[in-house]
Amino acid sequence: NAGVMQNPRHLVRRRGQEARLRCSPMKGHSHVYWYRQLPEEGLKFMVYLQKENIIDESGMPKERFSAEFPKEGPSILRIQQVVRGDSAAYFCASSPQGNEQFFGPGTRLTVL
Amino acid sequence: GNSVTQMEGPVTLSEEAFLTINCTYTATGYPSLFWYVQYPGEGLQLLLKATKADDKGSNKGFEATYRKETTSFHLEKGSVQVSDSAVYFCALSDNQSNTGNQFYFGTGTSLTVIP
């Protein structure tokens, strides 16, 4: 059983561009969580999704950020009009029933 | 509310030294407790967990005991190795299935073990 997959592993964007981060959960996992890790800081919860539903987005910035987890395909975290402060590592985790979480390797976003 | 507070780092130890990383929590219900480890450039990996009071989680020589009376889940290892150098995160799951079992993470403690 492959682990949680995230791509790309590294993403470079210029200010104002869009960033799309993908997360494929482990097989059989229907719960997906996104976290952001700023340099030298801990993990901050962003959003929790189940298939086709956003369950909790209390950690998402109100503007420019959105997430989806369609019936088919990976979960997508989209950041529009990126700014330098968006530079961070973004981690996805999946869970079979919303208990233990399994993390992906992360996408490291750099905004120039 | 729910939160996790863990010992600030960085921590530097010599090989074979004893390790303790303190973690305390606040929770409104009956949480599960976890330690995750993050090696440089990688994602978080589950190190150990405990799901109820007095449970002891253990893995790779690391141990942590779920202490409800002191609301603590301190991580210990009797003899660290250079390969244990990483960032360690304490985490809590609120086990509230109606809100998706939200996880709360500490800020992480960086450990460096020198030969």
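Scope of this entry: the structure provided in the associated data block. Quick caveat, the model's predicted, so the values are computed rather than measured. (Residues numbered from 1 in each chain as written. Chains lettered and ligands numbered in written order. Predicted model: local features only at pLDDT ≥ 70, side-chain atom pairs only at ≥ 80, totals over all residues. Heavy atoms only, no water.)

### Focus on the overall build of chain A
Helix and strand content of chain A: 0 helices and 11 strands. In chain A, the succession of helices and strands from N to C terminus is β-β-β-β-β-β-β-β-β-β-β. On C-alpha atoms alone, chain A measures out to a radius of gyration of 13 Å, which is about the 13 Å that the 2.2 N^0.38 rule sets for 112 residues. Projected onto its principal axes, the C-alpha coordinates of chain A cover approximately 35 × 25 × 25 Å. For chain A, buried positions account for 45% of its 112 residues. Across chain A, contacts joining residues at least 24 apart in sequence account for 52% of those joining residues at least 6 apart. The average position of the 16 basic charges and that of the 11 acidic charges among the side chains of chain A differ by 7 Å. (Helix = DSSP H or I, 4+ residues; strand = E, 2+ residues; numbered from the N terminus. Rg over C-alpha atoms; globule rule 2.2 N^0.38 Å. Buried < 20%, exposed > 50% of the residue type's maximum accessible area, 1.4 Å probe, protein only. Contact = heavy atoms within 4.5 Å. Lys, Arg positive; Asp, Glu negative; His and termini not counted. Charge placed at Lys NZ, Arg CZ, Asp CG, Glu CD.)

### Comments concerning the packing of aromatic side chains
Taken as a whole and judged by the stated rule, the model has 12 aromatic pairs over all chains. With centroids separated by 5.3 Å and ring planes inclined at 85°, the aromatic side chains of A:Tyr35 and B:Phe105 adopt a geometry described as edge-to-face. With A:Tyr35 in strand S4 (residues 31-37) and B:Phe105 in strand S11 (residues 103-105), this pair bridges two chains. You'll find A:Tyr35 and B:Phe105 in the same group, each marked buried. Where B:Phe34 meets B:Tyr36, the ring centres are 6.1 Å apart and the plane angle is 35°; that geometry is what we call tilted. For B:Phe34, a relative accessible area of 3% translates into the label buried. A connected cluster of aromatic rings, assembled from ring pairs, spans A:Tyr35, A:Phe45, A:Phe103, B:Phe34, B:Tyr36, B:Phe103 and B:Phe105. (Phe/Tyr/Trp six-rings, centres within 6.5 Å; stacked < 30°, edge-to-face > 60°.)

### Quick look at the interface of chain B and chain A
The partner chain A presents 21 residues to the 18 residues of chain B that form the contact. For the pair chain B and chain A, the summed buried surface comes to about 1400 Å²; carbon and sulfur atoms form 49% of the total. At the boundary of chain B with chain A, the tally comes to 2 residue pairs in polar contact (both at pLDDT 80 or more). Those elements giving two or more residues to the side of chain B that touches chain A turn out to be strand S5 (32-38), strand S6 (44-50) and S11 of chain B. A breakdown of the residues in the side of chain B that touches chain A according to their chemical character gives 7 nonpolar, 9 polar and 2 charged. (Buried area = accessible area lost by both parts, 1.4 Å probe. Polar contact = N/O pair within 3.5 Å; in protein donor to acceptor, adjacent residues only side chain to side chain. Nonpolar A, V, L, I, M, F, W, Y, C, P; charged D, E, K, R; others polar.)

### A look at the pairing of strand S10 (residues 86-93) of chain B
Residues and elements named next belong to chain B. Burial analysis of S10 places 7 of its 8 residues in the buried class, which makes it a mostly covered element. Note: S5 against S10, 7 bridges, orientation antiparallel. Bridge pairing in S10 links tyrosine 36 to phenylalanine 89. One ladder, built from 3 bridges, connects S10 with strand S12 (residues 109-114); its direction is antiparallel. Note that in S12 the partner of alanine 86 across the bridge is leucine 111. Relative to S11, S10 is paired through 3 bridges, and the arrangement is antiparallel. (Pairing = 2+ DSSP bridges.)

### Structural notes on the side chain of A:Asp56
All names here are of chain A. Tracing the chain through its elements places aspartate 56 in strand S6 (residues 53-56). Lysine 62 provides the closest opposite charge to the buried, unpaired aspartate 56, separated from it by 8.7 Å. Within the local environment of aspartate 56, its side chain forms a polar contact with the side chain of serine 58, the two groups lying 2.7 Å apart. (Salt bridge = Lys/Arg side-chain N within 4 Å of Asp/Glu carboxyl O.)

### Description of the environment of B:Gln6
All names here are of chain B. Position of glutamine 6 among the secondary structure elements: in strand S1 (residues 3-6). With relative accessibility at 6%, the residue glutamine 6 sits in the buried group. Separated by 82 residues in sequence, glutamine 6 and tyrosine 88 have C-alpha atoms that sit 9.5 Å apart. With near-sequence residues (within four places) excluded, glutamine 6 lies in contact with Ile21, Asn22, Cys23, Trp35, Tyr88, Phe89, Cys90, Gly106, Thr107, Gly108 and Thr109. Within polar-contact distance, the side chain of glutamine 6 engages the backbone nitrogen of glycine 108 at 3.2 Å.

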